[in-house]
Amino acid sequence: MKEKILSSLTGVWAFRVLILLIVCVFMGISEPRFLTIGNIVNIISYISVYGIMACGMLFAVLIGGLDLSIGRVAALSGTIACIVARVGGFSATWCLIGIACAIVAGILIGYFHGFLIVKLAIPSFVVTLATSYVIYGAITLLSGGSRVDFVRGSLMDTISNARIVEFTLSSGKPFVIQMNVVIFIVFAVICWYVLSKTTFGRRIYAIGGNTTAAQFVGINVFRNSCAAYAISSGAACIGGLILMSSTSYAAQTLGAGYEGMVLMALIVGGINLAGGKGTISGAIFGALLVGIIANICTLVDFLNLEYLKFFQGLIILIVCIISVILETRSRRGKGRKAKQIAEMQAQDE
Amino acid sequence: MSKEKRKSLDIKVEGPMKEEGVLLTCKGIDKSFSGVQVLFGADFEMNYGEVHALMGENGAGKSTLIKIVTGVYHKDAGQLYIDEESVEISNPIEARAHGIAVIYQELSLVPDLTVMENIYLGQELKKYGFVEKNRMRERTLDLIKKYELDLNPDATVEVLSMAQRQMVEVLKALSTNAKLIIMDEPTSSLSAAESEHLFRTIESLKKKGTGIIYVTHRLEEVYRIADRLTVMRNGEVVGTLTKAEINPRTVTTMMIGHEIKTEYDVQRTFNDDFVLEVKDLRYGDLLKGVSFTAKGGEILGIGGLVGSGRTELLHCIYGAKKPSGGRILLNGKPVSRSVIKNINNGFGLVPEDRRREGFNPLQTVEKNIAIASHDVIANALGLVYAKKERDWAEKAIEDYDIRPKNRKMIVDNMSGGNQQKVILGRWLIREPRVLILDEPTVGVDVGVRAELYRFMRQLTESGSIIIMVSSDLFELVQVSDRILVMHDGVFFEEFPREKATQAAVLMAASGEHTEEGVPLV
């Protein structure tokens with residue numbers, strides 16, 4: 001038990017919490033507004049889209065792939081939902097139909113990715129980068145290049161902005177938890193459950209760890225990989241719907257660059273880009289860190305919008321470097337320890 | 001490489017001069033690794049213009065001897081002579097300077113570069129810092145013409161056949177004026193036609209005076225090209241035979257030595273009600289109509305050389321490869337072409353290369369064992385019961401004595417023997433009806449081997465079938481109830497347990513009929 005506590009203190013999570021704390025304290029000192037409850041709720045709301053996309057892309061990364069199309073898929077999903085719902089004048093039913101169409105489209109894109117990547121053995125980044133351009137073009141064709149507004153107060157508004165929990169704090173400020181946060185948490189829990197409690201999750205890790213070995217224990221690599229890419233695209237669709245809802249319109253530029261941020265979130269979260277290793281909690285941690293850094297960059301006044309991306313990238317790069325170094329070090333340490341144990345036991349024999 | 005040397009390369013465009021006499025002599029070479037002696041006073045001699053074959057079982061010391069000659073290892077005692085002058089070769093660069101080149105099984109060519117670029121890789125001819133493509137091409141063409149090879153210097157290596165790639169390797173060696181070329185099992189990845197191609201290249205080299213040490217497992221190749229044959233066993237040179245003296249019986253006896261065989265005390269009973277039948281199975285060029293019947297309770301050993309189609313046969317039975325013809329029946333019913341269906345029907349496969357095909361190195365023992373038993377540990381919806389998974393893994397760890405006894409251990413950090421126990425245990429715990437083993441004890445120490453054999457026996461005592469492919473003749477003869485030897489895509493001979501000897505199995509694998517075996521072709 002004592003060893004357990006000790007190992008948890010020196011483990012990856014200790015390090016993650018430490019980084020979060022350092023970043024938060026640093027932010028808190030340099031910008032007092034950062035640590036207000038309102039802002040924290042704001043951050044969680046802000047990262048919900050990253051979080052959902054990171055959880056989804058985690059599946060693709062776990063089988064050893066990448067999905068660089070998620071930003072464009074997100075834009076596509078908002079556009080499809082709005083265009084379809086517009087047919088029925090944004091009535092609740094038509095909104096639901098639109099949402100369903102968007103998600104189905106996303107899943108189909110994911111299966112298409114899976115087909116090209118697994119059956120034709122084209123590298124995943126090539127496939128998804130290429131389709132992201134195709135999708136961008138498709139959105140322009142669908143929307144005619146202009147943004148698609150939806151009717152305020154319709155179901156589309158609800159996706160992100162509905163207030164699920166709302167009360168006034170003793171300080172007199174409102175405390176609100178919006179629908180997007182609820183969707184994020186529910187989605188993350190489902191992903192966690194699927195990855196850690198189901199045979200599908202086991203298969204995903206097995207494929208990423210050793211594809212040939214997975215085939216030899218009867219795992220259908222094609223089918224499961226396709227499902228992983230479909231989850232990635234599907235999650236991007238959900239993220240895109242929230243994005244569309246919170247910005248109150250759909251446009252081809254929504255979600256641009258999200259694939260990069262999500263990828264960084266995954267790297268910071270300790271997910272092995274070669275596949276087979278990584279957890280939902282890591283993905284969420286990564287999304288949280290990326291989100292906090294983005295948030296502080298908007299809070300601090302002296303950073304003009306032009307500098308924002310620069311500092312955002314720089315800070316994430318630094319965190320990535322530290323994170324990767326520490327992670328490999330801790331892993332090596334662990335490996336060495338385990339090997340020592342194995343050797344000792346072998347000598348006992 | 002120094003400038004001077006590069007210049008000297010430039011001058012000798014002609015390649016090695018035809019020379020006579022003794023090229024290389026090794027006298028009394030000893031070598032130990034961490035206290036274990038692997039070479040005992042090895043003597044070896046070869047001449048210019050000679051093809052000298054080197055044979056021996058795995059672990060006989062062939063590779064060690066070659067690595068000493070090429071400067072990869074340092075000898076503990078003994079002396080090397082080149083052109084009858086004593087030399088010290090302390091690293092591969094010195095070996096190259098002495099005109100010794102090696103062509104390994106895994107070729108070291110860059111597939112994206114052309115033949116010429118590969119030959120001059122790292123030793124490009126340059127003038128004022130510019131690569132002189134034309135001069136390199138000319139010299140490559142000269143070499144190609146001289147040795148009458150069928151190669152285009154501007155072809156990308158990627159599009160070449162394996163035999164042609166080997167020619168490129170040979171050319172690469174010749175471009176550095178090699179007079180001794182060592183080939184380590186060069187035909188193991190070649191088809192028959194391609195091998196013939198290589199033999200012609202070798203003959204051409206021989207005519208020009210190059211000496212070739214040819215390491216092989218295939219007796220028929222020794223007949224075909226070797227002038228002399230040296231056989232090694234357990235780190236000693238058993239003897240050298242001239243072309244006239246080479247015959248299968250002598251060679252196999254030299255390779256195996258005195259055979260010890262433990263006798264069976266138990267009378268085995270086979271169950272006629274449970275049979276696996278393979279009829280006229282075909283797979284590409286590798287399997288040309290393979291048929292056999294295995295009965296419940298039997299360990300069926302399959303022998304043959306690497307690349308003879310044994311692994312493909314196993315994969316076809318298991319459902320991992322699609323045969324191009326033939327039938328596979330279990331109790332008269334066709335075996336499914338889906339791996340997962342076969343697993344649920346009681347099949348299991350321990351693949352040849354455990355690291356590449358066997359286990360997931362990132363995962364724990366528990367997950368690696370449970371991955372083949374989702375039908376047991378999860379419900380129909382695919383929800384895994386953590387407790388069932390844990391108990392399943394712990395039972396396997398206990399029953400098959402997997403060390404360390406820790407289900408959370410990452411498999412990559414375990415010893416080879418225990419890794420193999422994990423992969424075997426993954427199936428044994430399911431009590432499979434047909435267990436297929438491909439080289440089950442490669443890299444496993446002797447103690448663990450005995451345990452694995454015991455587990456295999458236990459399984460067959462419950463009436464299951466084990467089909468085992470092995471290159472380890474001792475294992476094959478000791479463990480199998482019956483041995484089928486593959487040669488040239490068909491079963492060549494069958495040995496009942498009582499009659500099987502390592503020497504006989506080895507002979508059959510080389511395509512020579514024996515007195516002990518029952519001929520099948």
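Residues numbered from 1 in each chain as written. Chains lettered and ligands numbered in written order. Predicted model: local features only at pLDDT ≥ 70, side-chain atom pairs only at ≥ 80, totals over all residues. Heavy atoms only, no water.

Here the focus is the side chain of Gln502(B). Tracing the chain through its elements places Gln502(B) in helix H19 (residues 502–509). Once residues within four sequence positions are removed from consideration, Gln502(B) is found in contact with Ile256(B), Glu259(B), Leu473(B), Phe474(B) and Val477(B). (Helix = DSSP H or I, 4+ residues; strand = E, 2+ residues; numbered from the N terminus. Contact = heavy atoms within 4.5 Å.)

On to the environment of Gln37(B), then. All names here are of chain B. Along the chain, the position of Gln 37 falls in strand S2 (residues 36–47). Looking at Gln 37, the relative accessible area reads 32%, which means it is partly exposed. Taking the C-alpha atoms as reference points, Gln 37 and Ser 415, separated by 378 residues in sequence, lie 23 Å from one another. Contacts of Gln 37, omitting those with residues within four sequence positions, involve Asp 30, Lys 31 and Ser 32. At 3.0 Å, the side chain of Gln 37 forms a polar contact with the backbone oxygen of Leu 39. (Buried < 20%, exposed > 50% of the residue type's maximum accessible area, 1.4 Å probe, protein only. Polar contact = N/O pair within 3.5 Å; in protein donor to acceptor, adjacent residues only side chain to side chain.)

Below, the discussion takes up the pattern of salt bridges. Counted under the stated rule, the structure contains 35 salt bridges over all chains. A salt bridge links Asp157(A) to Arg152(A); the shortest N-O distance between them is 3.4 Å. Taking relative accessible area as the criterion, Asp157(A) reaches 12% and is therefore assigned buried. One salt bridge connects Asp272(B) with Lys295(B), and the closest N-O pair in it is separated by 3.4 Å. Here the residue Asp272(B) occupies a position in strand S13 (residues 271–283), and Lys295(B) occupies one in strand S14 (residues 287–296), the gap between them amounting to 23 residues. Judged by its relative accessible area of 34%, Lys295(B) falls in the partly exposed class. Among the charged side chains, a salt-bridge network with shared partners connects Asp401(B), Arg403(B), Lys405(B), Lys421(B) and Glu451(B). (Salt bridge = Lys/Arg side-chain N within 4 Å of Asp/Glu carboxyl O.)

All names here are of chain B. The sheet built from seven strands is open, its strands ordered S18-S19-S20-S15-S21-S22-S23 with mixed pairing. Every other strand in the sheet has two partners, leaving strand S18 (347–350) and strand S23 (518–519) as the edge strands with one partner each. The sheet contact formed by S18 and strand S19 (residues 434–438) spans four bridges and is parallel. Bridge pairing in S19 links Val 350 to Leu 437. Helix-sheet contacts for helix H16 (residues 416–428) involve S18 and S19, and the interaxial angle to S18 is about 175 degrees. (Pairing = 2+ DSSP bridges. Axes fitted to C-alpha atoms, helices over the stretch in contact; angles between N-to-C directions.)

Our focus in this paragraph is the domain arrangement of chain B. Residue and element names in this part refer to chain B. Assigned domains of chain B: these are domain 1 (22–256) and domain 2 (272–360 + 432–519). Taken over C-alpha atoms, the centre of domain 1 sits 33 Å from the centre of domain 2. Counting residues at the interface gives eleven residues for domain 1 and eleven residues for domain 2. Counting the surface lost from both domain 1 and domain 2, the interface buries some 1,100 Å², and carbon and sulfur atoms represent 61% of this. Of all residues in domain 1, the largest losses of buried area upon contact with domain 2 belong to Arg 249, Thr 252 and Ile 256, amounting jointly to 41% of the total for that side. For the pair domain 1 and domain 2, the number of links is one salt bridge. (Domains from an automatic or database assignment. Buried area = accessible area lost by both parts, 1.4 Å probe.)

This next bit is on helix H7 (residues 192–207) of chain B. Residue and element names in this part refer to chain B. Taking 1.5 Å of rise per residue, 16 residues should cover 22 Å, and H7 covers 23 Å from first to last C-alpha, within 8% of that figure. Those residues of H7 lying buried are Glu 194, Ser 195, Leu 198, Phe 199, Thr 201, Ile 202, Ser 204 and Leu 205. Buried residues in H7 make contact with strand S3 (51–55), helix H6 (162–175), strand S9 (180–184), strand S10 (211–215) and helix H8 (219–225). Just downstream of H7, Gly 209 is the residue with a positive phi angle, here 100 degrees. (Expected span 1.5 Å × (residues − 1).)

A word on the environment of Glu451(B). Residue and element names in this part refer to chain B. Tracing the sequence through the fold places Glu 451 in helix H17 (residues 446–461). The spatial distance from the C-alpha of Glu 451 to the C-alpha of Tyr 400 is 8.3 Å, given a sequence separation of 51 residues. Discounting chain neighbours no more than four positions away, the residues touching Glu 451 are Asp 401 and Lys 421. Within the structure, the side chain of Glu 451 is placed 3.1 Å from the side chain of Lys 421, a separation counted as a polar contact.

Here we come to the interface of chain B and chain A. If you look at the interface, chain B gives 32 residues, while chain A gives 27 residues. Broken down residue by residue, the surface that chain B buries against chain A is led by Leu362(B), Ile371(B) and Asn413(B), which jointly contribute 22%. Summed over the shared surface of chain B and chain A, the number is one salt bridge. In this structure, Glu389(B) and Arg202(A) form a salt bridge, with 2.6 Å as the shortest nitrogen-oxygen distance. Viewed at the interface, chain A and chain B are joined by eight residue pairs in polar contact (both at pLDDT 80 or more). Residue assignment for the side of chain B that touches chain A shows that the elements contributing at least two residues are helix H10 (310–318), helix H11 (339–344), helix H12 (354–358) and H16 of chain B.

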